[in-house]
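# A structural walkthrough
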Amino acid sequence: MFDGLKEKLGRFSSDVEEDVDEDAVEEDAEATEQAAGENPGGVEEDRDGSPASGTVEQAADAETAEREPTREDAAGDGSADSERVDRPSEPDREPTADTKSETTGDEETPAQADEDDDGAPASQSGEDADDTSEDVDRGLAEKAKLFATGKTVIDEDDLEGHLDDLEIALLQSDVEMDVAQEILEGVKANLTGETRRRLESTGNIVRDALREALYDVISVGQFDFERRIAEAEKPIVIVFTGVNGVGKTTSIAKLSHYLEQEEYSSVLANGDTYRAGANEQLREHAENLDRTFISHEQGSDPTAVIYDAVEYAEANDVDVVLGDTAGRLHTSDDLMAQLEKIDRVIEPDMTLFVDEAVAGQDAVNRAREFDAAAEIDGTILTKADADPQGGAAISIAHVTGKPILFLGTGQDYDDLERFNPETIVDRLLDE
Ligand SMILES: Nc1nc2c(ncn2[C@@H]2O[C@H](COP(=O)(O)OP(=O)(O)OP(=O)(O)O)[C@@H](O)[C@H]2O)c(=O)[nH]1
């Protein structure tokens, strides 16, 4: 299930981890080299964990001297500061001057003084510029502090390229465009600014960021189905909608079996009076499961069938009425009018939309359209066992605002799995 998507997400995680970890090793090696060149004696002490400020300050002096010509070059276009902020982890841009300021408490860093001299801040004078440079100073000081304690932060540059790859992977897996964007934003927000230890693997940071972003979109609208069944007045009426052939009838039989395991009795009603053979199909399931089956002749009013089933359930203390309806397109006015009538007359406790995971983007679009035409309470996504992509499973809840409640995972009555967002995300990110 969802193996293709799982592989793509795994590749994203390991690519980012590898890249970020490689950068960290390089940074550390270069910083050590520079510090050793300036003060061979002090380096060892600092790396042993003694107060790092001495080394950082000395390294700062060396780097400040090294950096000055570059900063002068850059001052003309004002890019020097933003470069330093965006890419704090590059060794030749380590915010050493601010570290000095941090450790000595100076108000004005040497770097700032340089800027005053070469005129660069003139274009940034005024309150905004002051605010910005204060923010920059604070940011750099923070990063310098982290550096001194052997830590550094992941920034947007570390993710550049990888997020594009992730976007392509999601879209290729039939994840809806807006949902893919939301996941990317989530991953970026969760990862940028994450502190990691230099020389230690980025480890689970990337996977955790992805896990949270995926969970946020998959878990939209979730409610406690079992509790709702337990607390509702009986009989509970559940009506099923969707297009032809996606597994609606089979899902009704599976849900009846599931409810029996939860100790609820159910009756099956065939509101699909449109298609020849629909009665036989649901009757067969009812016989297999030993359930009462309510039906009328082909062409009769589906509302009347479900009404009869409700009366039967009331008279016989049956807990749940499961009502099939004709497979329809949301564009079929007649059939949508039937659904509206069921809604108006029966007032079902739940309307569940059924579609197949393998339909990918089509299933996502249909879910949106059905929900707009006749409000749904949730989705059963069938044939997840045959779907390597996972796009529908990831997108439908976010697009409709209603949860996926069950996954169909095969053709047997047992093959109905409660949709648990955490389990799904774990499965997608399992190593
Ligand atoms: N692999 C797999 N097959 C399924 C699943 N659910 C249903 N099917 C199969 O899909 C086919 C169609 O299922 P139906 O239940 O007849 O679909 P339907 O939507 O009721 O179709 P109509 O009644 O023709 O509108 C059947 O062969 C089912 O066995 C599932 O979760 N996994």
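Residues numbered from 1 in each chain as written. Predicted model: local features only at pLDDT ≥ 70, side-chain atom pairs only at ≥ 80, totals over all residues. Heavy atoms only, no water.

Basically, it comes down to this: UniProt positions are given in the numbering used here, feature names are shortened, and annotations may be inferred rather than shown by experiment.
The name that an unreviewed UniProt entry assigns to the chain is Signal recognition particle receptor FtsY, with the source organism given as Halapricum desulfuricans. In the Function (unreviewed entry) part of its UniProt record, the chain is described as follows: "Involved in targeting and insertion of nascent membrane proteins into the cytoplasmic membrane. Acts as a receptor for the complex formed by the signal recognition particle (SRP) and the ribosome-nascent chain (RNC)." As its UniProt record puts it under Subunit (unreviewed entry), the chain is described as follows: "Part of the signal recognition particle protein translocation system, which is composed of SRP and FtsY."

### So, the overall build of the chain
To keep it simple, the criterion reads: Elements are defined by DSSP. Helices are runs of H or I of four residues or more, strands are runs of E of two residues or more, and each kind is numbered from the N terminus. Exposure classes here rest on a 1.4 Å probe applied to the protein chains alone. A residue is buried below 20% of its type maximum, exposed above 50%, and partly exposed in between. By definition, residues are in contact when any of their heavy atoms lie within 4.5 Å. Only the protein chains shown count as covering a residue, and every accessible area follows the Shrake-Rupley method with a 1.4 Å probe.
Counting its regular elements, the chain contains 19 helices and 10 strands. Across the 431 residues that make up the chain, the buried fraction comes to 49%. For the chain, restricting intrachain contacts to residue pairs at least 6 apart in sequence, the fraction spanning at least 24 positions comes to 77%. Element-wise, carbon and sulfur atoms account for 42% of the exposed surface of the chain, whose accessible area totals about 20,000 Å².

### A short note on the UniProt feature "domain: SRP54-type proteins GTP-binding" (unreviewed entry) in the chain
Mapped onto this numbering, the UniProt entry annotates "domain: SRP54-type proteins GTP-binding" (unreviewed entry) at residues 403-416. Annotation note: span residues 403-416, helix share 0%, strand share 43%, distance between end C-alpha atoms 16 Å.

### Description of the domain arrangement of the chain
To keep it simple, the criterion reads: Start and end points for every domain follow an automatic or database-based domain assignment. Take a side-chain nitrogen of Lys or Arg and a carboxyl oxygen of Asp or Glu: if they are within 4 Å of each other, that pair is a salt bridge. Pairs of N or O atoms are called polar contacts if they sit within 3.5 Å, as long as, within protein, a hydrogen donor faces a hydrogen acceptor (for residues adjacent in sequence, only side-chain-to-side-chain pairs).
Considered domain by domain, the chain is made up of domain 1 (1-22 + 150-219) and domain 2 (225-419). At the boundary of domain 1 with domain 2, the tally comes to one salt bridge. The partner of arginine 368 in a salt bridge is glutamate 176, with the nearest N and O atoms 2.7 Å apart. Inspection of the domain 1/domain 2 interface yields eight residue pairs in polar contact (both at pLDDT 80 or more).

### Some words on the site of the ligand
Quick note on the threshold: The rule for a residue being near a molecule or strand is that one of its heavy atoms must lie within 4 Å of it.
Around the ligand, the structure places 17 residues, and the nearest of them are Thr249, Thr250, Arg275, Gln281 and Gln411. One of the backbone N or O atoms of glycine 245 is found 3.0 Å from an oxygen atom in the ligand. Between the ligand and lysine 383, the relevant distance is 3.0 Å, taken from an oxygen atom to a main-chain nitrogen or oxygen of the residue. For the ligand, whose accessible area on its own is 640 Å², the fraction buried by protein is 80%.

### Regarding the nonpolar core
This is how it is decided: Only buried residues count toward a nonpolar core, which is a set of Ala, Val, Leu, Ile, Met, Phe, Trp, Tyr and Cys residues joined through side-chain atoms within 4.5 Å.
Ranked by size, the top nonpolar core spans 74 residues in total, and within it Ile183, Phe225, Ile238, Leu255 and Ile394 carry the most contacts. Broken down by element, this core gets its largest block of residues, eight residues, from helix α11 (residues 204-218). Counting contributing residues, this core receives three or more from each of domain 1 (1-22 + 150-219) and domain 2 (225-419). Ignoring any residue separated from it by four or fewer positions in sequence, one finds phenylalanine 225 in contact with Ile238, Leu255, Tyr258, Met350, Leu405, Phe406 and Arg418. Of all hydrophobic cores here, the second largest spans 17 residues; its members include Ala269, Ala309, Val310 and Ile342.

### With respect to the pairing of strand β3 (residues 236-241)
Consecutive side chains of a regular strand alternate in pointing toward one face of the sheet and then the other. Let me state the cut-off plainly: DSSP calls a pair of strands paired once it identifies at least 2 bridges connecting them.
Burial analysis of β3 places six of its six residues in the buried class, which makes it a mostly covered element. The alternating pattern of β3 places Ile236, Ile238 and Phe240 and Val237, Val239 and Thr241 on opposite faces, both of which are buried. Strand direction decides the pairing type here: β3 and strand β6 (residues 320-325), joined by four bridges, are parallel. Each residue of the ladder has a partner; that of isoleucine 236, found in β6, is valine 320. Here β3 pairs with strand β7 (residues 350-356) via four bridges, running parallel. Residue pairing for β7: isoleucine 238 is matched across the bridge by methionine 350.

### Focus on the packing of aromatic side chains
For clarity, the threshold we go by: The criterion for an aromatic pair is that two Phe, Tyr or Trp rings (for Trp, the six-membered ring) have centres within 6.5 Å, with stacked assigned to planes under 30 degrees apart, edge-to-face to planes over 60 apart and tilted to the rest. By definition, being over a ring means that NZ of Lys or CZ of Arg is both within 6 Å of the ring centre and within 35 degrees of the ring normal.
Enumeration according to the criterion identifies three aromatic pairs in this entry. Taking 5.0 Å as the distance between ring centres and 80° as the angle between the ring planes, the aromatic pair formed by tyrosine 258 and phenylalanine 406 counts as edge-to-face. With a gap of 148 residues between them, tyrosine 258 in helix α13 (residues 248-261) and phenylalanine 406 in strand β9 (residues 404-408) connect regions that are remote in the sequence. Residues phenylalanine 353 and phenylalanine 370 carry aromatic rings whose centres are separated by 5.2 Å and whose planes lie at 40° to one another, so their mutual orientation is tilted. In this pair, phenylalanine 353 is assigned in strand β7 and phenylalanine 370 in helix α17 (residues 361-373), connecting sequence segments 17 residues apart. Ring-pair connections join several aromatic residues into one group, and the members of that group are Phe225, Tyr258 and Phe406. Over the aromatic face of phenylalanine 223 sits the side chain of arginine 228, whose NZ or CZ is 3.8 Å from the ring centroid. Seen from the ring of phenylalanine 406, arginine 418 lies directly overhead, with NZ or CZ sitting 5.4 Å from the centre.

### Here's the deal with the packing of helix α15 (residues 302-315) against helix α16 (residues 333-346)
Counted only if it meets this: In this analysis, axes come from line fits to C-alpha atoms, helices being fitted only over the stretch in contact, and the angle between any two N-to-C directions falls in the range 0 to 180 degrees. Definitions for this section: a left-handed crossing has its near helix turned counterclockwise from the far helix by less than a right angle. A right-handed crossing has that turn clockwise. Under the grouping applied here, Gly and all other residues not named as nonpolar or charged are polar, the nonpolar ones being Ala, Val, Leu, Ile, Met, Phe, Trp, Tyr, Cys and Pro and the charged ones Asp, Glu, Lys and Arg.
It is the contact of α15 with α16, at a shortest axis distance of 9 Å, that shows an interaxial angle of 30°. With respect to the hand of their crossing, α15 and α16 are arranged in right-handed fashion. Of α16, the residues touching α15 (which contributes Pro302, Thr303, Ile306, Tyr307 and Val310) are Gln338, Lys341, Ile342, Val345 and Ile346. Tallied by class, residues from the contact of α15 with α16 come to seven nonpolar, two polar and one charged.

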